[in-house]
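Structural description and commentary
The lines below spell out each chain.
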Amino acid sequence: MTNRYRCSACGNRTRFDVVRSWRTRAFYHFTVGGDLQVEDEAVLDESVDEVSCRWCGTGASVSAIEDETDVALVGSEVGTPRAPDAAGEI
Ligand SMILES: [Zn+2]
C-alpha cells in the first residue's frame, strides 16, 4: 500500500523523487566459490524518509493524498481535468 502524493505549489500529482528505507531479512546462500545468491527476502519494515516534487525540486509543498475523494477535489482546485491523470493508475 503506497500513498499517493501531490504538490500544492505546482499541482503535480504524478512525478516525485522518493527516499525510502527498507529493513529486510534474507537468506544468504553462498556457493563454495563465494558467489552469493539472496533468497527468501522479506520486508520487515519500510518507511518513506523524503518525498520531493520532481518539478519544484523540493518537498516543501508535497503532502500525501488520503483517498480518491481528495484527489478529485485537488483536480478541481488547480483547474485541470481529472480524467487523463487518473487513467490507468488505479
Ligand atoms: Zn511542485
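As the structure is a computational prediction, the values presented were derived from the model and not from experiment.

Here the focus is the overall build of the protein chain. Counting its secondary structure elements, the protein chain contains two helices and four strands. Listing every helix and strand of the protein chain by position from the N terminus yields β-β-β-β-α-α. Residues counted as buried form 7% of the 90 residues belonging to the protein chain.

As a further point, take the environment of Val51. Note on placement: Val51 falls in strand β3 (residues 36-53). In the structure, Val51 is positioned 45 residues away from Arg6 in sequence and 9.9 Å away in space, judged by C-alpha atoms. Residues in contact with Val51, not counting those within four places in the same chain, are Tyr5, Phe16, Val18, Gly59 and Val62.

Attention shifts here to unusual backbone geometry. Unlike most non-glycine residues, Asp40 shows phi in positive territory, near 50°. Along the polypeptide, Asp40 turns up in strand β3.

What follows deals with the environment of Arg4. Relative to the helices and strands, Arg4 resides in strand β1 (residues 4-7). Between the C-alpha atoms of Arg4 and Ala64, which are 60 residues apart in sequence, the distance is 5.8 Å. Non-local contacts of Arg4, meaning those with residues more than four positions away in its chain, are made with Arg13 and Ile65.

A few words now on the confidence of the model for the protein chain. With 72% of its residues at a pLDDT of 70 or more, the protein chain has an overall mean of 83. Mean pLDDT across the elements of the protein chain bottoms out in helix α1 (residues 68-77) (51) and peaks in strand β2 (residues 16-30) (96). Across residues 75-80, confidence stays below pLDDT 50; counting only partners more than four residues off in sequence or on other chains, it has four contacts.

Quick notes on the rules
- Residues numbered from 1 in each chain as written.
- Predicted model: local features only at pLDDT ≥ 70, side-chain atom pairs only at ≥ 80, totals over all residues.
- Helix = DSSP H or I, 4+ residues; strand = E, 2+ residues; numbered from the N terminus.
- Buried ≥ 20, exposed ≤ 12 C-beta atoms within 10 Å, placed from the backbone.
- Contact = placed C-beta atoms within 7 Å.
- pLDDT = per-residue confidence, 0-100.

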